[in-house]
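Chain by chain, the residues run as shown.
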Amino acid sequence: MALGAVAEPPVRRRGSDYAQLSRRISEAGLLERRPGWYVTRIVLTLGAFVAGWVAVFLLGDSWWQLPLAALMAVATTQVAFLGHDAGHRQMFRRRGPSELVGLLAGNVAVGISYGWWVDKHNRHHANPNHEDEDPDVGAGALVWTPEQALETRGIGRWMAKRQAYLFFPMLLLEGLNLHVASIRAIIGREPNGGYTVPMRHRAVEAALLVAHTAAYVALLLAVMSPVKALLFAVVHQALWGLYMGCAFAPNHKGMPMPTAEDELDFLRKQVLTSRNVRGSRLVDTTLGGLNYQIEHHLFPNMPRANLRRAQPIVRAYCVEQGIPYAETGLVESYRQALGHLHEVGRPLRG
């Protein structure tokens, strides 16, 4: 699979359920690009991001840097959402401009590998919530199935028993995890000498990550004491990881997890494993449009601004086809996700 854009839905036979829905969406003009909307979004988001770093520089050696670090965590996440949209080619149809925005948003501004994320996200979109295929539900610090829980040992088993309670505290380390995973993706090799993660611009990505890290450390140490710089970095990275995790957690956690024995077509595979989050346009902005997770998975290259308009069409079509359409409030989405994590650890509590 070529890198540079997240996988798009496979071509289906003309009369398939997905093809019929796709025609309705296309006829409504919802797959058309929204250049004006994205220009405005990019200007506002990057403007706030740059203004935040200017404020860090001007504020100097002050403890008020710590609240500013929290605001920068919000700005950093919003920039990451732009990288997500670029990866799906929601902004541009061509790979070149999409990759450029992705590299600037991911490697330069945020400090994570765009190529690594695209590869990982491709596999997630192809088989969401599939234990053997989706890297987002593979066993790790958290476990997603009772079978994964029973395979844990030592500290991993202790955590699996209590993972519902540890979930949000663990998200404070997610930012660090993303940085480490990016480095591993760039330098990691298989026993045969090949790289573990395919990447189109490995050298460029490595150079941009080094530049990001050097600029980040240099700026903090230039304007504040080492202690304040360290605390700023801790607050910034911890809250960025928490925000990112909270934006992605409602989407699939606690939803059905298909296995190799399930024979689901593209439409059902995407709808049944995804959950939407109700809310106003404030929720749309806060979650980067990921609250329309069903529509996003069905049409990953649909511009973010069109997802709200696509929702009633998709929901009505699912009713016609008798396909369950999961939609809930934000707090309830977290309750369901945490409930699933708690249930998975039940065999260990015994």
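For clarity, every value in this text was computed on a predicted model and none was experimentally measured.

Asks: Can you lay out the overall build of the chain for me, pointing to particular residues and giving the numbers?
Replies: The helix and strand inventory of the chain stands at 17 helices and 2 strands. A globule of 350 residues ought to have a C-alpha radius of gyration of about 20 Å, and the chain, at 21 Å, matches this closely. Here the C-alpha coordinates of the chain stretch approximately 65 × 55 × 50 Å along the principal axes. Every one of the 350 residues in the chain was classed for burial, and the buried ones make up 49%. Of the contacts formed within the chain by residues at least 6 apart in sequence, a portion of 71% connects residues at least 24 apart. Accessible surface for the chain amounts to roughly 16500 Å². Of this, 63% is attributable to carbon and sulfur atoms. When the 36 basic and 28 acidic side-chain charges of the chain are each reduced to a single mean position, those positions are 4 Å apart.

Asks: Before we move on, could you go through the packing of helix α8 (residues 163-171) against helix α11 (residues 226-252) and cite the residues and values that matter?
Replies: For the pair α8 and α11, interaxial distance at closest approach is 7 Å and the crossing angle is 130°. As the angle between them shows, α8 and α11 are arranged oblique. Of the residues in α11, those in contact with Phe 167, Phe 168 and Leu 171 of α8 are Ala 238, Gly 241, Leu 242, Gly 245, Cys 246 and Ala 249. Residue classes in the contact of α8 with α11 are distributed as 7 nonpolar, 2 polar and no charged.

Asks: Let's hear about helix α15 (residues 307-321): which residues, and what values?
Replies: For α15, with 15 residues, the first-to-last C-alpha span of 20 Å sits near the 21 Å given by 1.5 Å per residue. Within the sequence span of α15, burial applies to Leu 307, Ala 310, Gln 311, Val 314, Tyr 317 and Cys 318. Down the axis of α15, the smallest arc covering the buried residues is 145°, so these residues share one side. Contacts from the buried residues of α15 go to α1 (17-27), α12 (266-272), β1 (276-277), α14 (293-298) and β2 (327-328). Of the residues flanking the end of α15, it is Gly 322, one or two places downstream, whose phi is positive at about 70°.

Asks: Outline the layout of surface pockets, listing residues and values.
Replies: Of the volumes computed, that of the largest pocket is approximately 1400 Å³. Lining the largest pocket are 49 residues, and of these Lys 120, Asp 136, Glu 174, Asn 177 and Leu 178 lie nearest its centre. Broken down by secondary-structure element, the contributors of at least two residues to the lining of the largest pocket are α3 (65-87), α4 (95-110), α5 (114-126), α8, α9 (174-187), α11 and α14. Looking at the lining of the largest pocket element by element, the count peaks at 9 residues for α5.

Asks: Summarise the packing of aromatic side chains; cite the residues concerned and give the values.
Replies: This model, assessed by the stated rule, comprises 9 aromatic pairs. Pairing Trp 53 with Tyr 216 gives two aromatic rings, centres 5.7 Å apart and planes at 80°, and the pair type is edge-to-face. Pair noted here: Trp 53 is in helix α2 (residues 35-59) and Tyr 216 is in helix α10 (residues 202-223), with a separation of 163 residues, a long-range link. One exposure class covers both Trp 53 and Tyr 216, and it is buried. Ring geometry for Phe 81 and Tyr 243: centres 6.2 Å apart, planes at 90°, overall edge-to-face. Residue Phe 81 is located in helix α3, and its partner Tyr 243 is located in helix α11; the two are separated by 162 residues in the primary sequence. Judged on exposure class, the residue Phe 81 and its partner Tyr 243 are both buried. Across from the ring centre of Tyr 195, 4.0 Å away, lies the NZ or CZ of Arg 189, which sits over that ring.

Asks: Pulling in residues and values, what's your account of unusual backbone geometry?
Replies: In this structure, Arg 89 is a non-glycine residue whose phi angle is positive, near 55°. Even without being glycine, Asn 129 reaches a positive phi, approximately 65°. Mapped onto the elements, Asn 129 comes out in the loop between α5 and α6 (146-150). The class for Asn 129 is buried, based on a relative accessible area of 2%.

Asks: Run through the pattern of salt bridges, naming residues and quoting values.
Replies: Evaluated as defined, the whole model comprises 12 salt bridges. Here Asp 61 ties to Lys 228 by a salt bridge, and the two come within 3.4 Å at their closest N and O atoms. Of the two residues, Asp 61 sits in the loop between α2 and α3 while Lys 228 sits in helix α11, which places them 167 residues apart along the sequence. Residue Lys 228 is classed as buried on the basis of its relative accessible area of 12%. The closest approach of N and O atoms between Arg 123 and Asp 119, which form a salt bridge, is 3.3 Å. With Arg 123 and Asp 119 both in helix α5, this residue pair falls 4 residues apart, about one helical turn. Judged by relative accessible area, which is 39%, Arg 123 ranks as partly exposed. On the basis of relative accessibility, which here comes to 13%, the residue Asp 119 falls in the buried class. Look at the salt bridges and you will find they share partners, linking Asp 17, Asp 265 and Arg 268 into a network.

Asks: Could you give an account of a negative patch on the surface, naming the residues involved and the relevant values?
Replies: On the surface, a cluster of negative charge is contributed by Glu 131, Asp 132, Glu 133, Glu 147 and Glu 151. Since its relative accessible area comes to 61%, Asp 132 is described here as exposed.

Asks: Describe the nonpolar core, naming the residues involved and giving the relevant values.
Replies: The biggest cluster of nonpolar side chains holds 35 residues, and the ones touching the most others in it are Trp 53, Val 56, Trp 116, Leu 220 and Phe 232. Other than its neighbours up to four places away in sequence, Trp 53 contacts Met 72, Tyr 216, Leu 219, Leu 220, Phe 232 and His 236. Counting residues in each nonpolar core, the second largest holds 19 residues, with Leu 30, Val 271, Leu 307 and Ile 323 among its members.

Cut-off values and rules
Residues numbered from 1 in each chain as written. Predicted model: local features only at pLDDT ≥ 70, side-chain atom pairs only at ≥ 80, totals over all residues. Heavy atoms only, no water. Helix = DSSP H or I, 4+ residues; strand = E, 2+ residues; numbered from the N terminus. Rg over C-alpha atoms; globule rule 2.2 N^0.38 Å. Buried < 20%, exposed > 50% of the residue type's maximum accessible area, 1.4 Å probe, protein only. Contact = heavy atoms within 4.5 Å. Areas by Shrake-Rupley, 256 points an atom, 1.4 Å probe, with all protein chains shown as cover. Lys, Arg positive; Asp, Glu negative; His and termini not counted. Charge placed at Lys NZ, Arg CZ, Asp CG, Glu CD. Axes fitted to C-alpha atoms, helices over the stretch in contact; angles between N-to-C directions. Parallel < 35°, antiparallel > 145°, perpendicular 65-115°, else oblique. Nonpolar A, V, L, I, M, F, W, Y, C, P; charged D, E, K, R; others polar. Expected span 1.5 Å × (residues − 1). Arc of directions from axis to C-beta. 1 Å grid on protein atoms, 1.4 Å probe; cavity = no way out; pocket = protein on both sides within 12 Å on 5 of 7 lines; lining within 4 Å. Points joined across faces, edges and corners; volume = space filled by probe spheres on them. Phe/Tyr/Trp six-rings, centres within 6.5 Å; stacked < 30°, edge-to-face > 60°. Lys NZ or Arg CZ within 6 Å of the ring centre and 35° of its normal. Salt bridge = Lys/Arg side-chain N within 4 Å of Asp/Glu carboxyl O. Patch = residues over 30% accessible without salt bridge, like charges linked within 9 Å, V, L, I, M, F, W, Y side chains within 5 Å. Core = buried A, V, L, I, M, F, W, Y, C linked by side-chain atoms within 4.5 Å.

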